[in-house]
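Coordinates in review
Single-letter residue listing:
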Amino acid sequence: MRMGILTGGGDCPGLNAVIRAATKTLLSQGVEVWGFKDGYRGIYLRDCQPLDRKAVSGLLHLGGTILGSNNRDNPFHFPVLAASGEIEYRDISATLLENLNSLQMQCLIAIGGDGTLSIANELCSRGGSIVGVPKTIDNDLAATDQTFGFVTAVHTATEALDKLHTTAESHHRVMILEVMGRYAGWIALWCGMAGGADVILIPEIPWQIDRVVEKIRGRQREGKPFSIIVVAEGAPAPGGKQVVREQIVGSGDPLRLGGIGEVVRILVEKETGMESRVTVLGHIQRGGSPLTTDRILATRFGVAAAELALEGRSGYMVALKGTQIVAISLKDALKPSNVHPDGQLVHAARAVGISFGD
Ligand code: F6P
């Protein structure tokens, strides 16, 4: 028996740990494992390599993905060089399914975020045999209590806040940290709470500059002439629009957010007269070794996905529910998860004096 693995979407710490765990589990059952390069593109190009024990040895602590990843190519809207020399977008899903068939892949394990998993779901409805593993630093999939990579990203952002604190205090400045998270405020909320932010601005809670200024001024009155603001890249600018850095043609989600930190900085300086600086943490949040909890979650996901594949349960995704790993239909797996404005986390943050600018 032969099975394939791919990693799709933006990378995150822990992908290699999933590849390792799934491969080891399948090999132990006598299954031949092949890794496809760069997401679904690797299936289209039949670009794959066998994964043996040696290939997955030493991967547990390694960031990134040995298989490569891709958050641009969508097989239902895939860039192909036409005879005219122009790029044309075509549906290549039938070729993908044919290739999986002719390569004798009994099942494919697709490790990815909502884009990769919704493609997996669509391919399953067209006859593909796929098991999903949810990943994203954004933690924005409702079907699983947590995605691996999230805690590591939060840790990186928290370390940045610890460093920004000392320089903010020395210079009596307002320091702003812009973090990733797409349309969800999970990274901002978690790192802001862990890193002692004074203000956290997230997409789920509409904010006003007057309330942010009120918080900064209140701190000045208490003898703290510096403040730390964490802003999620998806938090809207005043007026309600998210700030878009660029648009990626062909990507399942073409908008790349970014720039709200600078908007907040300009407003804070104008309204308070205080010097202010912005740090955009960017892709540092996606890199590096996974933390312990992410390694364990990734390993549990990898083992569970391999077991689903061995049981022939195509069309399912592994998920964390409480302390248990469960299987969820890919169809139900794609709902987004957002911070609940009235939830316990926000309540606790408010109780220790954090302002959400509302
Ligand atoms: O989904 C993960 C993520 O890092 C988001 O937090 C961010 O908005 C996006 O991907 C960045 O994408 P890219 O790597 O294409 O710039």
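Everything quoted here is computed from the prediction, not taken from an experiment. (Residues numbered from 1 in each chain as written. Predicted model: local features only at pLDDT ≥ 70, side-chain atom pairs only at ≥ 80, totals over all residues. Heavy atoms only, no water.)

1. Quick notes on the overall build of the chain
Each helix and strand in the chain was counted, giving ten helices and 15 strands. For the chain, whose C-alpha radius of gyration is 22 Å, the value lies close to the compact-globule estimate of 21 Å for 358 residues. By its C-alpha atoms, the chain is 70 × 50 × 35 Å across when sized along the principal axes. Counting across all 358 residues of the chain, residues that qualify as buried make up 54%. Of all intrachain contacts in the chain linking residues separated by at least 6 positions in sequence, the fraction that spans at least 24 positions is 72%. Just so you have it, the chain exposes about 15100 Å², and 50% of that area is on carbon and sulfur atoms. (Helix = DSSP H or I, 4+ residues; strand = E, 2+ residues; numbered from the N terminus. Rg over C-alpha atoms; globule rule 2.2 N^0.38 Å. Buried < 20%, exposed > 50% of the residue type's maximum accessible area, 1.4 Å probe, protein only. Contact = heavy atoms within 4.5 Å. Areas by Shrake-Rupley, 256 points an atom, 1.4 Å probe, with all protein chains shown as cover.)

2. A closer look at the layout of surface pockets
Over the atoms rolls a probe the size of a water molecule, and in doing so it shows where empty space is left. In this structure, the largest pocket spans a volume of roughly 760 Å³. Lining the largest pocket are 39 residues, and of these Gly-9, Gly-10, Asn-71, Arg-182 and Arg-256 sit closest to its centre. Per-element tally for the lining of the largest pocket: the top contributor is helix H4 (residues 114-125), with five residues. (1 Å grid on protein atoms, 1.4 Å probe; cavity = no way out; pocket = protein on both sides within 12 Å on 5 of 7 lines; lining within 4 Å. Points joined across faces, edges and corners; volume = space filled by probe spheres on them.)

3. Some remarks on the sheet that holds strand S13 (residues 276-280)
The strand order S9-S10-S8-S13 describes an open sheet built from four strands, whose pairing is parallel. A single partner strand is all that each edge strand has here, and the edge strands are strand S9 (199-201) and S13. Strand-to-strand twist of the sheet, defined as the mean angle between neighbouring strand axes without regard to direction, takes the value 20°. Bridge analysis of strand S8 (residues 174-179) against strand S10 (residues 227-232) gives six bridges, and the strand direction is parallel. The partner of Met-175 across the bridge, within S10, is Ile-228. Set on the sheet, helix H6 (residues 186-194) makes contact with S8, S9 and S10; between it and S9 the angle comes to about 170°. (Pairing = 2+ DSSP bridges. Axes fitted to C-alpha atoms, helices over the stretch in contact; angles between N-to-C directions.)

4. Considering the domain arrangement of the chain
Here the domain parsing of the chain yields domain 1 (2-148 + 290-322) and domain 2 (152-286 + 340-351). If you average the C-alpha positions of domain 1 and of domain 2, the two centres end up 33 Å apart. The interface of domain 1 with domain 2 comprises 18 residues on the first partner and 17 residues on the second. If you sort the residues of domain 1 by the area they bury against domain 2, Arg-72, Ile-137 and Asp-138 come out on top, with a joint share of 35%. The interface formed by domain 1 and domain 2 holds four salt bridges in total. Arg-182 serves as the salt-bridge partner of Asp-114, at 3.0 Å between the closest nitrogen and oxygen. Linking domain 1 to domain 2 there are eight residue pairs in polar contact (both at pLDDT 80 or more). For the side of domain 1 that touches domain 2, a count of residues per class yields six nonpolar, six polar and six charged. (Domains from an automatic or database assignment. Buried area = accessible area lost by both parts, 1.4 Å probe. Salt bridge = Lys/Arg side-chain N within 4 Å of Asp/Glu carboxyl O. Polar contact = N/O pair within 3.5 Å; in protein donor to acceptor, adjacent residues only side chain to side chain. Nonpolar A, V, L, I, M, F, W, Y, C, P; charged D, E, K, R; others polar.)

5. Considerations on the packing of aromatic side chains
In this description, an aromatic ring pair is defined by two values, namely the gap between the centres and the angle between the planes. Counted under the stated rule, the structure contains three aromatic pairs. With a centroid separation of 6.3 Å and an interplanar angle of 70°, the aromatic rings of Phe-148 and Phe-301 are classed as edge-to-face. Linking Phe-148 in the loop between strand S7 (130-134) and helix H5 (150-171) with Phe-301 in helix H9 (residues 292-310), this pair joins segments that are 153 residues apart in sequence. Over the ring of Phe-226 we find Arg-219; its NZ or CZ atom is 4.9 Å from the centre of that ring. Between Arg-313 and the ring centre of Tyr-316, over which it is positioned, the NZ or CZ distance is 4.9 Å. (Phe/Tyr/Trp six-rings, centres within 6.5 Å; stacked < 30°, edge-to-face > 60°. Lys NZ or Arg CZ within 6 Å of the ring centre and 35° of its normal.)

6. What to know about the sheet that holds strand S6 (residues 107-112)
Reading across the sheet, the seven strands line up as S3-S2-S1-S6-S7-S14-S15 and stay open at both edges, with mixed pairing between neighbours. Bordering the open sheet on either side are strand S3 (48-50) and strand S15 (324-329), each of which pairs with just one other strand. Between one strand axis and the next, the sheet turns through 25° on average, direction left out of account. Packed onto the sheet, H9 meets strand S1 (2-7), S6, S7, strand S14 (316-321) and S15 and runs at close to 145° relative to S14.

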